[in-house]
Amino acid sequence: MTMNDFPPGIVLILGAFLLPFVGRSARSVLILGLPLLTLGLVWSLPDGSSAIVPIFDYQLVFLRSDALSRVFATIFSIMTFAGGLYALNQKRVLELVAVFVYAGSAIGAVFSGDLISLFIFWELMALASTVVVLSVGSNLCYRVSMRYFMVHMFGGTLLLVGILAHIMDTGTAAFSAMEPNSFGTIFILAGFLINAAAPPLSAWLSDSYPEASYSGTVFLSAFTTKTAVYVLLRGFPGAEILIFIGIFMIFYGIIYALLENDMRRILAYSIVNQVGFMVTGIGIGTEMALNGVAAHAFTHIIYKALLLMSAGAVLYMTGKRKCSDLGGLFQSMPLTTICGIIGALSISSFPLTSGFISKSMIGQAAADSNLMIVWFLLLAASAGVFLHAGIKFPWFVFFQKDSGLRPPDPPWNMRLAMILFSVLCIGLGVWPEFLYNMLPYPVAYEPYTVPHVVNMLQLLMFSGFAFFLMLPLMKRTLTITLDFDWFYRRLMPTALKNAFSLIWKADHGLRHMFMVRLDMCLDFVSRRNGCISSLVSRTYPAGSMVMWVAAILAAYLVLSFFAY
């Protein structure tokens, strides 16, 4: 096997299991070196398929390299490096092992050329991400991780059923573009959408990600949903149902993010919102839209990780995560504040930031396809994004009232990771051609036109004005928002408990009634014992008993003869 036949994701998976057995210094070298080695392997791969393993009548293609898989593998490798740099102070080695297996599995999934190898990495990714949440060690994280695991196992089951049905229908396991018009492809699409956090089963994301550690949440934000975006790009481009699902995800994420008080839950709902833009673009299905989805996934991983790094820095230094407990941190955490603002501007598509040069491609694709309602909804959603992530998050965490907290900026490695992603956010916004040249289709799009820049600045300006005008309504209190997870966290357990309570009561009543009737029968038999004993307790000669047995056997033989 040559290096061109070696799947890059395996480097991270195998390297993860070295981390517990080396010292702290060597561990830091591995944490930073393995992602860079993986990135080098990604860019050394020629286009085409390799690492092909025959199994039964099928070919497992563990390495299919092209522009689409390369752009996702590239950002996954960069994310693993920056996340590893951010997590150098993480003392839980189990979490570090899990995140490297998680990242390697995501890269393995995007290079998979068939549905079977994709499923292998898909399930390994689910297991590793569960361990990331579980590694925190608290009772709450145990319950959260089990709910997370059950949802992903359900999604994996749907995916497996769909894959098997699709293979039976087509006779091949190749992973290529499909139409959701058969039993197999519908189930495959459903399995993909669960990992994309599409409602109604999207609450697993906002339920679990905020409960991970300060570093674990950064990794979780990058891989599961974006791998789902990749497989939807690869498998269902142009599926119109995705437009409706994506629009629903966009506004669902905005509404819940606006209602939230927990800073990390705000950003978790924002992930659903941003993935909704990508799902909508996949549903549009034109080359412009698909380029926009790939570009937006790339930039989203960077600015979302940056936002979660700034939130994680606040949590790491203060131990607090609710907006109502925070404020005034710009006075003692200036670098974290600046990096958080850069991430907030990027997610809001502010000109000269990375979000501006990627999200606008999806809106332009909708306009080019004459989907004016979709274009208008995407434009309105951009204003909503600025409200909850562009203004609300930095305002309530770093400004608003003075909470009296005066923590310093986090340790050097966390600061350096935030600076790296801040530079990337601005660098890609200023020089978008570096990203455009990596996209799967030729890009003939110019984001910096006067109408586009002016329209976006006007939109953001009026959104900001609306936020401060409605600031009394935006003020956060210690409230809880109910999401779909209420059904399986509260309603379903309560309903099952009440149902089993009724069953147990009915069972107890039936048993009691049966025992009363049995006692009555035994009493009756006891009273009649004198009459029965004359028949039952009488002694019979052995010969008489043998005669009766012989007679019964003869009758059985006669009946069996006539039965056949």
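Residues numbered from 1 in each chain as written. Predicted model: local features only at pLDDT ≥ 70, side-chain atom pairs only at ≥ 80, totals over all residues. Heavy atoms only, no water.

1. As for the overall build of the protein chain
Regarding its fold elements, the protein chain presents 22 helices and two strands. Taken over the C-alpha trace, the protein chain has a radius of gyration of 31 Å; the compact-globule value for 564 residues is 24 Å, which it surpasses by more than 25%. The C-alpha extent of the protein chain, read off along each of the three principal axes, is 115 × 60 × 60 Å. Sorting the 564 residues of the protein chain into buried and exposed places 54% on the buried side. Once local pairs closer than 6 in sequence are excluded, the contacts in the protein chain between residues at least 24 apart make up 83%. Split by element, the accessible area of the protein chain, about 24,800 Å² in all, is 72% carbon and sulfur. Computed over 32 positive and 26 negative side-chain charges, the separation of the two mean positions in the protein chain equals 15 Å. (Helix = DSSP H or I, 4+ residues; strand = E, 2+ residues; numbered from the N terminus. Rg over C-alpha atoms; globule rule 2.2 N^0.38 Å. Buried < 20%, exposed > 50% of the residue type's maximum accessible area, 1.4 Å probe, protein only. Contact = heavy atoms within 4.5 Å. Areas by Shrake-Rupley, 256 points an atom, 1.4 Å probe, with all protein chains shown as cover. Lys, Arg positive; Asp, Glu negative; His and termini not counted. Charge placed at Lys NZ, Arg CZ, Asp CG, Glu CD.)

2. Description of the pattern of salt bridges
Enumeration according to the criterion identifies eight salt bridges in this entry. With a shortest N-O distance of 2.9 Å, Arg 147 and Asp 207 are connected by a salt bridge. A residue pair is termed long-range when its members are at least 10 positions apart, and Arg 147 in helix 6 (residues 139–170) and Asp 207 in helix 8 (residues 203–208) qualify at 60 residues. When sorted by exposure, Arg 147 lands in the same class as Asp 207, which is buried. Residue Arg 511 pairs with Asp 507 through a salt bridge whose shortest N-O separation is 2.8 Å. Note that Arg 511 and Asp 507 are positioned in helix 20 (residues 485–527) at a spacing of four residues, about one turn of the helix. Here Asp 507 falls in the partly exposed class, since its relative accessible area comes to 33%. The network of salt bridges with shared partners includes Glu 211, Asp 262 and Arg 321. (Salt bridge = Lys/Arg side-chain N within 4 Å of Asp/Glu carboxyl O.)

3. Here's the deal with helix 2 (residues 24–44)
In an α-helix, one turn spans 3.6 residues; hence positions three or four apart end up facing the same way. Taking 1.5 Å per residue, 21 residues should reach 30 Å; helix 2 reaches 30 Å between its end C-alpha atoms and fits that length. Its maximal kink placed at Gly 33, helix 2 deviates by approximately 25 degrees, while the proline Pro 35 follows within four residues. Every buried residue belonging to helix 2 is among Arg 27, Leu 30, Ile 31, Leu 34, Pro 35, Thr 38, Leu 41 and Val 42, and all of these are buried. Looking at the packing, one finds that the buried side of helix 2 touches helix 1 (9–16), helix 3 (67–86) and helix 4 (93–111). (Expected span 1.5 Å × (residues − 1). Bend = angle between axes of the 7 residues up to and from the residue.)

4. Comments concerning the pairing of strand 1 (residues 48–55)
As paired elements, strand 1 and strand 2 (residues 58–65) share seven bridges and run antiparallel to each other. In the strand pairing of strand 2, Val 53 is matched with Leu 60. (Pairing = 2+ DSSP bridges.)

5. Describing a nonpolar patch on the surface
Side chains of Ile 480, Leu 482, Phe 484, Trp 486, Phe 487 and Leu 491 sit close together on the surface and give an oily, nonpolar patch of about 600 Å² of accessible area. Inspection of the secondary structure assignment puts Leu 482 in the loop between helix 19 (471–474) and helix 20. (Patch = residues over 30% accessible without salt bridge, like charges linked within 9 Å, V, L, I, M, F, W, Y side chains within 5 Å.)

6. Digging into the packing of aromatic side chains
The tally for this structure, following the rule as stated, stands at 22 aromatic pairs. Relative to Phe 192, the ring of Phe 175 lies with its centre 6.3 Å away and its plane at 65 degrees, an arrangement referred to as edge-to-face. Remark: Phe 192 occurs in helix 7 (residues 183–195) and Phe 175 occurs in the loop between helix 6 and helix 7; sequence separation between them is 17 residues. On the basis of relative accessible area, Phe 192 is assigned to the buried category, the value being 0%. Pairing Phe 248 with Tyr 252 gives two aromatic rings, centres 6.4 Å apart and planes at 15 degrees, and the pair type is stacked. Of the two residues, Phe 248 and Tyr 252 are both situated in helix 10 (residues 241–259); the distance of four residues between them amounts to about one turn of the helix. Owing to a relative accessible area of 9%, Tyr 252 belongs among the buried residues under this scheme. Clustering of aromatic rings is evident, with ring pairs tying together Phe 72, Phe 76, Tyr 102, Phe 223 and Tyr 230. Geometry around Trp 43 places Arg 70 over its ring, the cationic atom sitting 5.6 Å from the centre. Over the ring of Phe 277 we find Lys 359; its NZ or CZ atom is 4.8 Å from the centre of that ring. (Phe/Tyr/Trp six-rings, centres within 6.5 Å; stacked < 30°, edge-to-face > 60°. Lys NZ or Arg CZ within 6 Å of the ring centre and 35° of its normal.)

7. A few points about the nonpolar core
Membership of the largest hydrophobic core comes to 172 residues, with the highest contact counts inside it found for Phe 72 and Phe 192. Among the domains, domain 1 (1–236) and domain 2 (240–483) are the pair contributing at least three residues each to this core. If we skip the residues at most four places from it in the chain, Phe 72 touches Val 110, Lys 226, Val 229, Tyr 230, Leu 233, Ala 294 and Ala 297. (Core = buried A, V, L, I, M, F, W, Y, C linked by side-chain atoms within 4.5 Å. Domains from an automatic or database assignment.)

8. Describing the domain arrangement of the protein chain
The domain architecture assigned to the protein chain consists of domain 1 (1–236), domain 2 (240–483) and domain 3 (491–563). The C-alpha-based centres of domain 2 and domain 3 are spaced at 73 Å.

9. Details of the environment of Thr 170
Tracing the chain through its elements places Thr 170 in helix 6. In this structure Thr 170 comes out as partly exposed when scored by relative accessible area, which is 43%. The spatial distance from the C-alpha of Thr 170 to the C-alpha of Tyr 86 is 46 Å, given a sequence separation of 84 residues. A polar side-chain atom of Thr 170 sits 2.8 Å from the main-chain carbonyl oxygen of His 166. (Polar contact = N/O pair within 3.5 Å; in protein donor to acceptor, adjacent residues only side chain to side chain.)

10. Describing helix 15 (residues 372–398)
With 27 residues, helix 15 extends 38 Å from end C-alpha to end C-alpha; this agrees with the ideal 39 Å at 1.5 Å per step. Most pronounced at Lys 392, the bend in helix 15 amounts to some 40 degrees, and the proline Pro 394 follows within four residues. Across the 27 residues of helix 15, 19 count as buried, placing the element largely inside the fold. Positioned one or two residues after helix 15, Gln 400 has a phi angle of 40 degrees, which is positive.

11. Some points on unusual backbone geometry
Residue Pro 200 is bonded to the preceding Pro 199 through a cis peptide linkage, with omega at 10 degrees. Mapped onto the fold, Pro 200 is located in the loop between helix 7 and helix 8. For Ala 197, which is not glycine, the phi dihedral falls at a positive 65 degrees. With respect to the secondary-structure elements, Ala 197 resides in the loop between helix 7 and helix 8. You will see that Leu 352, though not glycine, has its phi angle at about 75 degrees, which is positive. Here Leu 352 lies in the loop between helix 13 (334–347) and helix 14 (354–368).

12. Some details on the pairing of strand 2
Where burial is concerned, most of strand 2 is hidden: six out of the eight residues are buried. In this antiparallel pair of consecutive strands, strand 1 and strand 2, the connection spans two residues, and Phe 56 shows a positive phi of 55 degrees.

13. Some remarks on the environment of Asp 409
The topology assignment puts Asp 409 in the loop between helix 15 and helix 16 (412–430). Counting along the chain gives 227 residues from Asp 409 to Ser 182, while the straight-line C-alpha distance between them is 54 Å. Of the polar contacts made by the side chain of Asp 409, one reaches the backbone nitrogen of Leu 335; its length is 3.2 Å.

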